[in-house]
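Coordinate inspection notes
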Amino acid sequence: MNTMRVMRINPSAKIPLRKTNGSVGYDISACLDTNVTIMPGEMHKINSGLAISLDVGYAAFIYARSGLGINHGIVPANCVGVIDSDYRGEIIVGLKNTSNESYTVKNGDRIAQMVITKCELPEIIICENLDETARGAGGLGSTGS
């Protein structure tokens, strides 16, 4: 995949940008008519004003911006957002305020980063047994701390 089609749903929406040549995340910015204040513990849906088109076998993942998360406690409400290749609606970022202070999102603020990833889409085979491994069914904490 060498291209990603981006459509402005709102004419004032900012096109996703990578800040450096080495960045894998495209900054997603808020596209708002009025500021949104997120109180401690609250969640809000923030519009981006954008829709994208990805090739089948690719997905976009919405992650926190490290500065917002570490400095202000503002993180994606669902931890990581997933945009499937067949979704054509607006990218909306759910943000949660995990801090003890209110935080105001303004139009144009960078609110998340979007990473495009190639995803395997394996055929599912129903079976009666799985191959044996040294770990077996050992779950949480089974490999040490």
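Residues numbered from 1 in each chain as written. Predicted model: local features only at pLDDT ≥ 70, side-chain atom pairs only at ≥ 80, totals over all residues. Heavy atoms only, no water.

This part is about the layout of surface pockets. Rolled over the atoms, a probe as big as a water molecule pinpoints where empty space is left. The computed volume of the largest pocket comes to approximately 200 Å³. Residue lining of the largest pocket: 13 residues in total, with Ile62, Gly81, Val82, Ile83 and Ile92 positioned closest to the centre. Listed by contribution, the elements that provide at least two residues to the lining of the largest pocket are strand 8 (81-83) and strand 9 (92-97). Taken together, the residues of the lining of the largest pocket sort by class into eight nonpolar, three polar and two charged. (1 Å grid on protein atoms, 1.4 Å probe; cavity = no way out; pocket = protein on both sides within 12 Å on 5 of 7 lines; lining within 4 Å. Points joined across faces, edges and corners; volume = space filled by probe spheres on them. Helix = DSSP H or I, 4+ residues; strand = E, 2+ residues; numbered from the N terminus. Nonpolar A, V, L, I, M, F, W, Y, C, P; charged D, E, K, R; others polar.)

Here the focus is the sheet that holds strand 8. Taken together, four strands build an open sheet; the order of strands is 2-11-6-8 and the sheet is antiparallel. Both outer strands of the open sheet, strand 2 (26-29) and strand 8, are each paired with one neighbouring strand and no more. Between one strand and the next, the sheet's axes are offset by a mean angle of 30°, whatever the strand orientation. Note that strand 6 (residues 58-63) and strand 11 (residues 110-118) share six bridges and pair antiparallel. (Pairing = 2+ DSSP bridges. Axes fitted to C-alpha atoms, helices over the stretch in contact; angles between N-to-C directions.)

Ile46, Ile62, Val93, Leu95, Val105, Ile111 and Met114 are the most contacted members of the largest nonpolar core, which has 22 residues in total. Those elements that provide at least two residues to this core are strand 3 (36-38), strand 6, strand 9, strand 10 (103-105) and strand 11. Contacts of Met114, omitting those with residues within four sequence positions, involve Met4, Pro16, Val24, Gly25, Tyr26, Ile28, Ile52, Ala60, Phe61, Ile62, Ile83 and Ile91. (Core = buried A, V, L, I, M, F, W, Y, C linked by side-chain atoms within 4.5 Å. Buried < 20%, exposed > 50% of the residue type's maximum accessible area, 1.4 Å probe, protein only. Contact = heavy atoms within 4.5 Å.)

Right, let's get into the sheet that holds strand 9. Through backbone hydrogen bonds, the strands of a sheet pair up, either in parallel or in antiparallel fashion. Read across the sheet, three strands follow the order 4-9-7 without closing on themselves; strand pairing throughout is antiparallel. Only two strands of the sheet have a single neighbouring strand rather than two, namely strand 4 (43-47) and strand 7 (74-76). Strand-to-strand, the axes of this sheet are offset by a mean angle of 40°, without reference to chain direction. Inspection of the sheet shows strand 7 paired to strand 9 by three bridges, in the antiparallel sense. Bridging from a neighbouring strand, Ile74 pairs with Asn97 of strand 9.

Turning our attention to the pairing of strand 6. Counting buried residues in strand 6 gives five out of six residues, a clear majority hidden from the surface. Summarising the sheet, strand 6 and strand 8 pair through three bridges and their orientation is antiparallel. Looking across to strand 8, one finds that Phe61 is bridged to Val82.

The phi dihedral of Cys79 is positive, around 70°, even though this residue is not glycine. Inspection of the secondary structure assignment puts Cys79 in the loop between strand 7 and strand 8. Looking at Cys79, the relative accessible area reads 61%, which means it is exposed.

A separate point is the packing of aromatic side chains. Going through the model one piece at a time under the given rule, you end up with zero aromatic pairs. Here the guanidinium or amino end of Arg18 rests over the ring plane of Tyr26, the centre of that ring lying 5.9 Å away. (Phe/Tyr/Trp six-rings, centres within 6.5 Å; stacked < 30°, edge-to-face > 60°. Lys NZ or Arg CZ within 6 Å of the ring centre and 35° of its normal.)

Quick look at a nonpolar patch on the surface now. Nonpolar side chains collect at one region of the surface, where Val6, Ile15 and Leu17 lie side by side and expose about 230 Å² of accessible area between them. Following the sequence through the fold, Val6 ends up in strand 1 (residues 5-8). Here Val6 falls in the partly exposed class, since its relative accessible area comes to 30%. (Patch = residues over 30% accessible without salt bridge, like charges linked within 9 Å, V, L, I, M, F, W, Y side chains within 5 Å. Areas by Shrake-Rupley, 256 points an atom, 1.4 Å probe, with all protein chains shown as cover. Salt bridge = Lys/Arg side-chain N within 4 Å of Asp/Glu carboxyl O.)

Moving on, we come to the pattern of salt bridges. In total, this model carries two salt bridges according to the counting rule given. Asp27 is paired through a salt bridge with Arg110; the nearest N and O atoms lie 2.9 Å apart. Of this pair, Asp27 sits in strand 2 while Arg110 sits in strand 11, and the two are 83 residues apart along the sequence. Taking relative accessible area as the criterion, Asp27 reaches 11% and is therefore assigned buried.

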